[in-house]
Amino acid sequence: MASNEGFLTNEQREVLKIASKNVESLSSSPKSPTSLLSEHIVKAPAGGKGTWGKLLDTDGESHLDRNDPNYDSGEEPYQLVGSTVSDPLDEYKKAVVSIIEEYFSTGDVDLAASDLRELGSSEYHPYFIKRLVSLAMDRHDKEKEMASVLLSALYADVISPDQIQDGFFILLESADDLAVDILDAVEILALFLARAVVDDIVPPAFLTRAKKGLPESSKGVQVIQIADKSYLSAPHHAELVEKRWGGSTHVTVEEVKKKIADLLREYVESGDTIEACRFIRELGVAFFHHEVVKRALVLAMEIRTAEPLILKLLKEASEEGLISSSQMVKGFTRLAESLDDLALDIPSAKALFQSLVPKAISEGWLDASFVKSPAEDGEVPDDAKVRHYKEEAVTIIHEYFLSDDIPELIQSLVDLGAPEYNPIFLKKLITLAMDRKNREKEMASVLLASLHIEIFSSEDIANGFVMLLESAEDTALDILDASNEIALFLARAVIDDVLVPHNLEEMSSKLPLDSSGSETVRMARALLSARHAGERILRCWGGGSGWAVEDAKDKILKLLEEYESGGDVAEACQCIRDLGMPFFNHEVVKKALVMAMEKKNDRMLDLLQECFTEGLITINQMTKGFTRIKDGLDDLALDIPNAREKFSFYVEHAQKKGWLLPSFGSPSMELR
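Residues numbered from 1 in each chain as written. Predicted model: local features only at pLDDT ≥ 70, side-chain atom pairs only at ≥ 80, totals over all residues. Heavy atoms only, no water.

**Looking at the overall build of the protein chain**
Alright, step 1. Scanning the protein chain for helices and strands turns up 38 helices and zero strands.
Alright, step 2. Counting only residues that meet the buried cut, the protein chain has 45% of its 672 residues in that class.
Alright, step 3. For the protein chain, contacts bridging at least 24 residues in sequence account for 73% of all contacts bridging at least 6.
Alright, step 4. In the form shown here, the protein chain has an accessible surface area of approximately 34500 Å², with 51% of it arising from carbon and sulfur atoms. (Helix = DSSP H or I, 4+ residues; strand = E, 2+ residues; numbered from the N terminus. Buried < 20%, exposed > 50% of the residue type's maximum accessible area, 1.4 Å probe, protein only. Contact = heavy atoms within 4.5 Å. Areas by Shrake-Rupley, 256 points an atom, 1.4 Å probe, with all protein chains shown as cover.)

**Here we look at helix H23 (residues 422-434)**
Alright, step 1. With 13 residues, H23 should reach 18 Å at 1.5 Å per residue; the first-to-last C-alpha distance of 19 Å fits that figure.
Alright, step 2. Buried residues dominate H23, accounting for eleven of its 13 residues.
Alright, step 3. Among the residues making up H23, those that are buried are Asn422, Pro423, Ile424, Phe425, Leu426, Lys428, Leu429, Ile430, Leu432, Ala433 and Met434. (Expected span 1.5 Å × (residues − 1).)

**Considerations on the packing of helix H6 (residues 141-154) against helix H9 (residues 185-198)**
Each pair of packed helices can be summarised by the angle the axes make with each other and by the distance between the axes.
Alright, step 1. Closest axis-to-axis distance for the H6/H9 pair is 10 Å, and the angle between their directions is 35 degrees. Pair H6 / H9 crosses with right-handed handedness. Across from Lys144, Glu145, Ala147, Ser148 and Val149 in H6, the residues of H9 making contact are Ile188, Phe192 and Arg195.
Alright, step 2. Tallied by class, the residues present in the contact of H6 with H9 amount to four nonpolar, one polar and three charged. (Axes fitted to C-alpha atoms, helices over the stretch in contact; angles between N-to-C directions. Left-handed = near helix turned anticlockwise from the far one by under 90°. Nonpolar A, V, L, I, M, F, W, Y, C, P; charged D, E, K, R; others polar.)

**Quick look at a negative patch on the surface**
Alright, step 1. A contiguous patch of negative charge on the surface is contributed by Glu399, Asp404, Asp405, Glu408 and Asp415.
Alright, step 2. Relative to the elements of secondary structure, Asp405 occurs in the loop between helix H21 (383-403) and helix H22 (406-416).
Alright, step 3. With relative accessibility at 31%, the residue Asp405 sits in the partly exposed group. (Patch = residues over 30% accessible without salt bridge, like charges linked within 9 Å, V, L, I, M, F, W, Y side chains within 5 Å. Salt bridge = Lys/Arg side-chain N within 4 Å of Asp/Glu carboxyl O. Lys, Arg positive; Asp, Glu negative; His and termini not counted. Charge placed at Lys NZ, Arg CZ, Asp CG, Glu CD.)

**Some details on unusual backbone geometry**
Alright, step 1. At Ser121, a residue that is not glycine, the phi angle is positive and equals roughly 50 degrees.
Alright, step 2. The residue Ser121 is located in the loop between helix H4 (109-119) and helix H5 (125-137) in this model.
Alright, step 3. For Ser121, a relative accessible area of 30% translates into the label partly exposed.
Alright, step 4. In this structure, Asp497 is a non-glycine residue whose phi angle is positive, near 65 degrees.
Alright, step 5. Mapped onto the elements, Asp497 comes out in the loop between helix H27 (482-495) and helix H28 (501-509).

**Details of empty space enclosed by the protein**
Summary: where empty space remains is shown by rolling a probe the size of a single water molecule over the atoms.
Alright, step 1. All told, the structure shown has three cavities of 30 Å³ or more when counted by the stated rule.
Alright, step 2. Taken as a whole, the second largest cavity encloses approximately 60 Å³ of empty space.
Alright, step 3. As for the second largest cavity, its lining consists of Leu559, Glu562, Tyr563, Gly567, Asp568, Glu571, Ala572 and Cys575.
Alright, step 4. Broken down by secondary-structure element, the contributors of at least two residues to the lining of the second largest cavity are helix H31 (549-564) and helix H32 (569-579). (1 Å grid on protein atoms, 1.4 Å probe; cavity = no way out; pocket = protein on both sides within 12 Å on 5 of 7 lines; lining within 4 Å. Points joined across faces, edges and corners; volume = space filled by probe spheres on them.)

**What about the pattern of salt bridges?**
Alright, step 1. Inspection of every chain in the model, using the stated rule, returns 25 salt bridges.
Alright, step 2. For the salt bridge of Glu307 with Arg304, the shortest nitrogen-to-oxygen distance reads 2.8 Å.
Alright, step 3. Residue Glu307 is classed as buried on the basis of its relative accessible area, which comes to 7%.
Alright, step 4. Looking at Arg304, the relative accessible area reads 41%, which means it is partly exposed.
Alright, step 5. For Asp634, the salt bridge is made with Arg644, and the minimal N-O distance between the two is 2.2 Å. Of this pair, Asp634 sits in helix H36 (residues 633-639) while Arg644 sits in helix H37 (residues 643-657); the two residues are ten residues apart in sequence, bridging distant segments of the chain.
Alright, step 6. Residue Asp634 is classed as exposed on the basis of its relative accessible area of 53%.
Alright, step 7. On the basis of relative accessibility, which here comes to 41%, the residue Arg644 falls in the partly exposed class.
Alright, step 8. The network of salt bridges with common partners includes Asp162, Arg209, Glu519 and Arg522.

**A short note on the packing of aromatic side chains**
Here the distance between the centres and the angle between the planes together describe a pair of aromatic rings.
Alright, step 1. Scanning the model with the defined rule gives ten aromatic pairs in all.
Alright, step 2. When the centroid spacing of 6.1 Å and the interplanar angle of 55 degrees are considered together, the rings of Phe332 and Trp365 count as tilted. Of this pair, Phe332 sits in helix H17 (residues 325-337) while Trp365 is found in the loop between helix H19 (349-362) and helix H20 (374-377), placing the two residues 33 residues apart along the sequence.
Alright, step 3. Centroid distance Tyr389 to Tyr421: 5.3 Å. Interplanar angle 70 degrees. Geometry classified as edge-to-face. Residue Tyr389 is located in helix H21, and its partner Tyr421 is located in the loop between H22 and H23; the two are separated by 32 residues in the primary sequence. Comparing Tyr389 with Tyr421, the two get one shared label, buried. (Phe/Tyr/Trp six-rings, centres within 6.5 Å; stacked < 30°, edge-to-face > 60°.)

Below, the structure is given as C-alpha cells:
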C-alpha cells in the first residue's frame, strides 16, 4: 500500500485516512457499515485521468474473483437475515397434533397421557382439548368416542378440571369457525359437551357460566342449548349420550365399580393373579384404578382370610405398571378418608388399615410419602377422640334429619363437649346432606344459621367449609354434582349472614389455584353476583324455610307495625313464634329498634324485653340484631339524625335489663 501512495493526490490521501478511522469503529457502532460510512466519508472528486475514480465507485463490471490469490472473503457482499422467534404456543399446537394422530392410530390412552405429560407446557393444555375435539369432529364415530375416553383419562391426573373447562370454552368460542368447515359442527360439539358432563369432567354449572360469556347470537350458545335440552334433559340421558357414537369403549362409573367388585370377588375365589390383572387391564380405565385399590383393601378387611391374596394382587399390579404409583396412593387416601364411615360396618377398620399401610410400603408398592399425608396422620393428634366425635356427629345429624329439632341438636353438641371439632361437624353435616334430598339440604342450611348464632364461631364455619373444599375432588367421585352443591351451600351461607363475602376470599387463598375447591368458590361468587341472587339462592333447594326469608321480613314488619299501633305484646310474641325461624330473630330485633327510632316510641323495647324473658329471642340473636344496627348506623343517620344517640340509649337499656352482654361494642365482641 505504501508503494502506491505516490500515485494519490493529497485529497485522496485525506479521504483514505477518514475512511480508515471509520472502518476501525464499525465493530463498536450500532449502525450498519453502509450507513456509518455514508455518514462520515467525505466526498472526493470524481475520477478522472490519472486517478482511481470515486473511492466507493461500483460499476456493473466490478466483481470479486475467488481464484485471486489476494481474495478476501470478508470483501464479499453480505446482507442481514432476519430470524423469526418461535411462539411456544405454536410449537405446542404442532406437537399435540402428532400425539393425537398417534392416539387415533393406536388407541393407547396411557401412551398419549405420557407423551402429553412429557411435552410439558401444561399452561397450554386447554388448547390440547380444543385440538383433540376439533380433529375428532371431522372423523368417524370411533375417533369421537376415543377422544371422549381420552379426556376422561386425562382429567385431574394430567389436565386440571379448570383447564378442561377452559378448553371447552375455547371450543364454544370457535364454534362459528368450526361450522364453516364441519357441516354439523354445532350438533357434534353439543354431544361432546354433554358427554363431558355425563363423564363428570365438566360440571353442569359450566353450561350456565359459559353461556354468559358468549354472544347471544353465536353458535356457541346454540351448542349449549342443544347439549342441555336435547341431551342432558332427556330421560335416561346418561345412557343415551354414552352410547350415541356406538361401540363405546367407555362405560359408566357405576358399571366400572360393579365390574371391579365382581372381578375382585372372583379373584378371591380363584386366586388367579394373572387373570385378575388381565381383567383390570381390559377395563381400560387407568385413570380409575384407585377404585380398584380402595375396593380391594375394603374386601381384605371384610374377608380377613383374603388379605394375603389382595396384597399379592396389588403388589403384582404395581410391579407390572398396571396400577401407577399415583393411583395406588389415591386409592389408599380415599380409603383413609372414609374410614370413620367404614368403621360403622367394620369396627376394626382403622386398626386393619394401619396394619396394611406399613406392609404395602415395606414391599415397595406404596410410596412412603403416603404416611405423611393428612388423611393418614389424622386431622387432629387425638385420633380416637376424633373418631368417636364423628360417630356421634353422624348419629346426631341423622336424628336431626328425622326430627327437625334444632334445639335438641344444639343441646346434643353441647353435651359432646368438643367445640374444637365444630368444623368437622360442619363438613359431616353438608356431606351427608348432599347425598340426600332437597329437604335435608334445606335443613342443613337452616341449621348452619342457627349454629352460627348459638355455638359456632365464624372461624368454625369458615374452617369447616375449607375442609369440605379440600376434599371436593374426592367427594365428587361419590356425589355426582358435589362441586355445584357445595357452591350453593357456600352462597346460601353468605345470604344467611353465616359467612361474609370476605370469607370466600380467605378460603380461596388456602386452596391450590387449579383445584376443584377453588373452582367451587368461584362458582359461589358467580352465584352471588347474579341478578336477584338472594331470592334465587334462598330457594335453591326448592322450598323449605329458605324460601320464606323474604316473606318473613315482610311479616316481621307487619307484626311490628300492628304492635306499635296498639297491639297486644303476647299476640306479637306468638306471631314471632309462628314464623318458625329462630335463626332469623335478629331481624326482629333490628327492625324493632329502627322502628323505635323512626316513631320515637320506646314501646318496642317492652316487646324485646318480653321476647327475651320468654326465651323467644336468645341473647345471641339480640346481639346480632344490635350488631347489624351498629354496622348500618352511618346510613341510618341520613334518615334519622339522632340515630347514634338513640342507639347508645338502647344499648345501655338492654345491658341493664340483661338481654345484651355488657361486653357489647368491645374489641373482643367485634371479633366474634
